[in-house]
Amino acid sequence: SAFLLSQVTSFWLILILITTFATSVASIGSIIDSSVLSRLGQRKQDYGKFRLWGTIGFGIASPIAGFITQKFGLSWAFYMYIMLLSMVLILTLRFPIQKTSFRKPLGSSNFEFRSLAWLNFLIVVFIIGIGLGISGNYLLLRMESLGIPRTYMGLTLVSLTLSEVPLMIFGHRLLKIWPAQRWLYVALGFICLRLFVNGLATAPWHFLLVQ
C-alpha cells in the first residue's frame, strides 16, 4: 500500500490504498503495546521506559526525512517508510507476541463493553483520536501553506517528540503524585491549547515552540 501510494495520482485509487494501509497498520502498535505490557507482568509502570525508544526513533527519523524529501522529493518519504517497515517485519518474526483471550464472553451481562464508565472512556479516546488525527494530517500542510521549508517541518516533529522523553522516563513517578485520570485531564487541556495555537502560528519558531 505504501509503495503504490507513492505511484498513483487518481483520487479514488489513493482513497482505496489509504483505507487498505490504515486498516493494515492500525493494529500494529496496539498488539506490540499489549505484548510488552503482558511480558512486564507486575512491572507495568515501566512501560514508558520501553515506549521511549519509539519516541527516540521518531525523533531521529523526522529531521532526516525532512532533509531528504526537501532534497530529493516527497516520494522518498514512502521509500524510507517501506525500508524501515520491512525491517520491522523481519524483527517481528522473532517478536514474542503474547496470546490472550477475553476473560468474559461477549454475550454475558457483566461484559465490560456494556459498562457506562467504559463507554465514556471509549468516547473520550475517540474524540482525542479525532483531534490528534486532524493535527497529524494538517499540521505539516499548514506549515507548507506558509512556505516553511520541509527541514523545519522535520525539526518541528523532533520538538514534538522530545517533550515525550521525560514523560516516558518519569511517568511512573508522576502516577505516585496524581492518579492517571487527573493526568488525563491535564493532557486533554494541553492538547486543546496546542491545537488552538497551531492554528494561529505563522513562523517556523512558533511551531517549534508550541510542539
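Whatever comes next refers back to the structure up there.
In this text the structure is predicted, and so the values were computed from the model without any measurement. Within each chain, residue numbers correspond to sequence positions counted from 1 in written order. Local features in this predicted model are restricted to residues whose pLDDT is 70 or higher, and side-chain atom pairs enter the listing and the counts only when it is 80 or higher, whereas totals over whole chains, interfaces and linings include all residues. To obtain the side-chain values, all non-hydrogen atoms of the structure were included, while hydrogens and water were left out.

1. Brief notes about the overall build of the protein chain
Let me state the cut-off plainly: In this text, helices come from DSSP runs of H or I with a minimum length of four residues, and strands from runs of E with a minimum of two, each type numbered from the N-terminal end. Under the scheme applied here, a residue whose accessible area is under 20% of the maximum for its type counts as buried, over 50% as exposed, and between as partly exposed, the area being computed with a 1.4 Å probe on protein chains only. Pairs of residues are marked as contacts when any of their non-hydrogen atoms sit within 4.5 Å. Charged-residue counts in this description rest on Lys and Arg as positive and Asp and Glu as negative, His and the chain ends being excluded. Lysine's charge is taken at NZ, arginine's at CZ, aspartate's at CG and glutamate's at CD.
What the protein chain contains, in helices and strands, is nine helices and zero strands. Starting at the N terminus and ending at the C terminus, the protein chain contains elements arranged as α-α-α-α-α-α-α-α-α. Its C-alpha atoms give the protein chain principal-axis dimensions of roughly 55 × 40 × 30 Å. Taking all 211 residues of the protein chain together, the buried fraction comes to 19%. Expressed as a percentage of contacts within the protein chain between residues at least 6 apart in sequence, the contacts between residues at least 24 apart total 65%. The averaged location of the 5 negative side-chain charges in the protein chain is 5 Å from the averaged location of its 17 positive side-chain charges.

2. Focus on the nonpolar core
What counts is decided by this rule: We call a set of buried residues a nonpolar core when its members are Ala, Val, Leu, Ile, Met, Phe, Trp, Tyr or Cys and they connect through side-chain atoms within 4.5 Å of each other.
Residues Leu139, Met143, Ile148, Met153, Ala201 and Phe207 constitute the largest nonpolar core, which totals six residues. Those residues in contact with Met153 that lie beyond four places of it in its chain are Leu140, Met143, Glu144 and Ile148.

3. A word on the pattern of salt bridges
In plain terms, the rule: Only one rule defines a salt bridge in this text: a Lys or Arg side-chain nitrogen within 4 Å of an Asp or Glu carboxyl oxygen.
What the rule picks out here adds up to two salt bridges. In this structure, the salt-bridge partner of Asp46 is Lys49, at a minimum N-O distance of 3.6 Å. When its relative accessible area of 41% is taken as the criterion, Lys49 is described as partly exposed. In the salt-bridge network here, residues are joined through shared partners; they are Arg43, Asp46 and Lys49.

4. Re a nonpolar patch on the surface
So the rule is basically this: Patch construction takes residues with relative accessible area above 30% that form no salt bridge. Like charges are linked within 9 Å, and nonpolar side chains (Val, Leu, Ile, Met, Phe, Trp, Tyr) are linked within 5 Å. Each accessible area value is a Shrake-Rupley result obtained with a 1.4 Å probe; residue values ignore everything except the protein chains displayed when judging cover.
A surface patch of nonpolar side chains, about 930 Å² in accessible area, is lined by Leu116, Leu119, Ile123, Phe126, Ile127, Ile130, Ile134, Tyr138 and Leu141. Mapped onto the fold, Ile130 is located in helix H5 (residues 116-145). Judged by its relative accessible area of 42%, Ile130 falls in the partly exposed class.

5. Overview of the packing of helix H6 (residues 150-162) against helix H7 (residues 164-177)
This is how the line gets drawn: For helices, the axis comes from a line fit to the C-alpha atoms of the stretch in contact; other axes are also lines fit to C-alpha atoms, and the angle between any two N-to-C directions lies between 0 and 180 degrees. For this classification, under 35 degrees means roughly parallel, over 145 means roughly antiparallel, 65 to 115 means roughly perpendicular, and everything else is oblique. Residues are sorted three ways: Asp, Glu, Lys and Arg are charged, Ala, Val, Leu, Ile, Met, Phe, Trp, Tyr, Cys and Pro are nonpolar, and all the rest, Gly among them, are polar.
Relative orientation of the contacting elements H6 and H7 amounts to 20°, with a least axis distance of 5 Å. For the element pair H6 / H7, the angle class is roughly parallel. Contact with H6, carried on its side by Leu160, Thr161 and Leu162, involves Glu164, Val165 and Pro166 of H7 and no other residues of that element. Looking at the contact of H6 with H7 residue by residue, the class counts come to four nonpolar, one polar and one charged.

6. Considerations on the environment of Leu209
Secondary-structure assignment places Leu209 in helix H9 (residues 204-210). Considered as a pair, Leu209 and Arg43 are 166 residues apart in the sequence and their alpha carbons are 34 Å apart.

Any link to function would need more than the numbers given here.
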